[in-house]
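What follows is the residue order along each chain.
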Amino acid sequence: MNQTNQMMTGNLAAAWGARLADVDYVPAFPITPQTEIVETLSKWCGTGALNARFVTMDSEHSMMTAAGAAAATGARVFTATSSQGLLHAFEVLYTVAGWRVPLVLVNVSRALASPITLEPDHNDVLAARDSGFLQIHAETCQEIVDSILMAYRIAEDPRVCLPVMVNLDGFYLSFTREPVILPDPRMVQAFLPAYRPTHLGFKASSPRALGTAVLGGATYSYFRHQNHLASMNALLVHEEAAVDFERLCGRRYDLVEGYRLDDAEDVLIMTNAFASKGKAAVDVARAEGKRVGLLRLRVIRPWPADAIRHALQGRRAVAVLDQNLSPGQGGILFQEIAASLYHEALRPRALCSFIGGLGGKNLSEGEFRAIFEQTAEAGVRGKGIGPVLLYTEMEYREMEQLQYLAHDLKTGK
Amino acid sequence: MAWEPHMFKELHQIPREEHVFPGTPLCAGCGGLESLRLASKVLGSHVVYVNAAGCFTNLAAFPFTPLDASWLYTTMGSAPAGAQGVRDALDVLIAKGRLPKEEDLKVVVLGGDGSTYDMALSSTSGAITRKLDFYYFCYDNEAYGNTGVQLSPATPYGARTSTSPCGVQHPAGTTQEKKDIFEIWRAHKPPYMATVSPRFPLDLEEKFARAEEYRGPKLFLAFAACPTGWLFDPAYTPDVARLAVECGLWPLKEAINGTVTHTYIPKRKPVEEYLKLQGRFRHLFEPTRQDEAIRHIQARVDDYWKQVNG
Ligand SMILES: Cc1ncc(C[n+]2csc(CCOP(=O)(O)OP(=O)(O)O)c2C)c(N)n1
Ligand code: SF4
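The structure displayed is predicted, hence computed values, not measured ones. (Residues numbered from 1 in each chain as written. Chains lettered and ligands numbered in written order. Predicted model: local features only at pLDDT ≥ 70, side-chain atom pairs only at ≥ 80, totals over all residues. Heavy atoms only, no water.)

Enquirer: Which residues make up the nonpolar core, and what values go with them?
Expert: Note that soluble globular proteins tend to have their nonpolar side chains buried in a common cluster. Formed by 113 residues in total, the largest nonpolar core has its most connected members in A:M64, A:L297 and B:Y274. Excluding residues that lie within four positions of it along the chain, A:M64 makes contacts with A:T79, A:A89, A:V92, A:L93, A:V96, A:L103, A:L105 and A:F133. Core analysis: the next-biggest nonpolar cluster, separate from the first, contains 58 residues, A:A15, A:I154, A:L168 and A:L255 among them. (Core = buried A, V, L, I, M, F, W, Y, C linked by side-chain atoms within 4.5 Å. Buried < 20%, exposed > 50% of the residue type's maximum accessible area, 1.4 Å probe, protein only. Contact = heavy atoms within 4.5 Å.)

Enquirer: Account for the site of ligand 1, with residues named and values stated.
Expert: Close contacts around ligand 1 come from 17 residues, with B:C55, B:G114, B:Y139, B:G145 and B:N146 the closest. Residues lining ligand 1 come from chains A and B. Here an oxygen atom of ligand 1 and a backbone polar atom of B:S115 are 2.9 Å apart. Contact distances for ligand 1 include 2.9 Å between an oxygen atom and a backbone N or O atom of B:A143. (Near = heavy atom within 4 Å. Polar contact = N/O pair within 3.5 Å; in protein donor to acceptor, adjacent residues only side chain to side chain.)

Enquirer: Can you break down helix α5 (residues 90-99) of chain A residue by residue, with the values?
Expert: Every α-helix winds through 3.6 residues per turn, so residues three or four apart in the chain are directed the same way. Of the positions making up α5(A), those classed as buried are A:V92, A:L93, A:T95, A:V96, A:A97 and A:W99. A:R100 occupies a position one or two residues after α5(A) and carries a positive phi of about 60 degrees. (Helix = DSSP H or I, 4+ residues; strand = E, 2+ residues; numbered from the N terminus.)

Enquirer: Before we move on, could you go through unusual backbone geometry and cite the residues and values that matter?
Expert: A cis amide bond links A:T32 with the next residue in sequence, A:P33, at an omega value of 0 degrees. Note that the residue after B:F62, namely B:P63, is joined by a cis bond; omega there is 0 degrees. The residue B:P63 is located in the loop between β1 (47-51) and β2 (70-73) in this model. Non-glycine residue A:R100 carries a positive phi angle of around 60 degrees. Accessibility expressed as a relative area gives 21% for A:R100, which makes it partly exposed.

Enquirer: Any details on the packing of aromatic side chains? Residues and values, ideally.
Expert: All names here are of chain A. Summed over all chains, the structure comprises 23 aromatic pairs over all chains. Residues F191 and F245 carry aromatic rings whose centres are separated by 5.2 Å and whose planes lie at 75 degrees to one another, so their mutual orientation is edge-to-face. With F191 in helix α8 (residues 185-191) and F245 in helix α9 (residues 217-249), this residue pair connects regions lying 54 residues apart in the sequence. Like F191, the residue F245 is buried in the burial classification. (Phe/Tyr/Trp six-rings, centres within 6.5 Å; stacked < 30°, edge-to-face > 60°.)

None of the figures reported here should be taken as evidence of function without further support.
See below:
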């Protein structure tokens, strides 16, 4: 079976993921940098290239409700948003996860207002980490297509039945062209069979109630616990899907990805598109004789605690580079990594927390060099550092200049 | 031309089948529930109710439901969008041959006035603009009932609620006028809209039956006398509902493709008769009579009917 190779943006790749998954329904609402995804899908629905109904909704809150309701009725549903849009849909994220509907939502990460910006960090997607959605974070355009197909396969598995969010970085992936191999549709069919749910659907012959009130905490606790167990099941189902996907398409995706980890003393942890920068920095450091490696977290929910522990066992020091900020606390993923390592006898001697790339701010070679040096020192001392916000002197001077302009130039007030 | 019923001229014509069974957790004497029960006699059981947060959310409390139809609880602000998703999915699945046509359902949004007039208004506007084929059933108890009877945009002038108490500044309670949701809907040009009251069951059944002929958004605003929130004995629910219509406060009307017809022209008793029955208006009469507020309410009603009768 043929796989075709094309240059495409991450947004187009996301649209292709939905098209190859042969989705039935796409409710949409525009937000930069996600718009190219829904524009492409609406075009395909118009030409018949995709046999699905496309509806422009009145908000993301409505969009997410329509998406969940259609999935609850038995359709395969796709939608996409970003940043403020994801937050506007927040109430409904929890609702549809509680309905246990297996839809796929692509989030194109963009930093949140205020101040307003278009460029990415991960406070949008990570704010949704407790919603019950599973989360897959893609590093490349290829991984976007492949992750969407895997996402449907996992979401629709009877052991899971949960919605999945596939995350990609605004601008760094959404509008970056990369070579993408599109799997043959027959290949996709073998991997992702047609969606025929038996547990969902509204029909005349068998009335059903979904999302009913529960009175008394015990019933609520039971349903919540089921949600947790289903999410944990996704760890296993992901592995099975990864094996099948590799067999059919030749590409392998695990919960976490190790880069030059084998003999690494110190490990840098990253996610998403900036992990490519991190890998390049590892190559530079390796050329200088440093034994460093990178661990990329691909699946954030369910949290792949075992895979992380296994990858970090016996390392000297670990640095988490969070592209997000929980004000008053620091990096969000750092906390989760620390929690995973707490009980490990062979845990790294030092954990370091760095925060960078906020709002798309570049990470320079020098910054990576500083991270590796400080992490190594921390490992030797046996004492972690951070959270350290990465900001260069040059950037700080530019900021001062802007502040000067923002004030009254004459009085300098 | 006077409004004429086509199908429901006598009580015995109302279907005997029940689709809302007794034993719900709602309050005794809930007038909204009475409307729903009557509506369901025409709607039947091939229905999916898409519910917004409110009193009626308690109708389906796991594992019980008094309905023989389907149910989807959404949120307070997006039940119309939920209806969109269900309707679209049913259409797509039928078109693709994955669901037999006989399995199709009517999609009915079920929400209180708070969500209808306030939080779900943009979602509703979107659904009407998209010409969604659905029923919107709003039981109007003129307050955020389920949270303890707070002021909603449907609360009428002069009513006391738990967030519009009678104070030194506002001795008459609520100072705002009831939002005219009927006209807001009508500006969207849906094919069918109606107000109903359970005390006028033939009128109610007739309207649900008529609406069936129209594809697109269909609004039903149901008068929902609320003993708990309006502070009257549940035994008086029928009287309160009847007087709302007879005093001219709840006009029974219909709008087909935007043309409004009043389906019942009351002789119009003084509004006092209606107000006096309810605790939420007691401050207008005791300890001192607030003539100005009562006159204001009466004037509003008179203005309305003057504009109707020309
Ligand atoms: C987003 C959101 N805010 C607030 C609530 C709390 N809430 C639940 S029911 C309700 C009252 C709804 O009033 P209405 O729509 O008039 O229906 P009623 O309670 O009178 O039946 C409110 C405010 C909620 N469920 N969701
Ligand atoms: S509070 Fe009023 S509207 Fe709500 S269930 Fe009770 S009587 Fe009905």
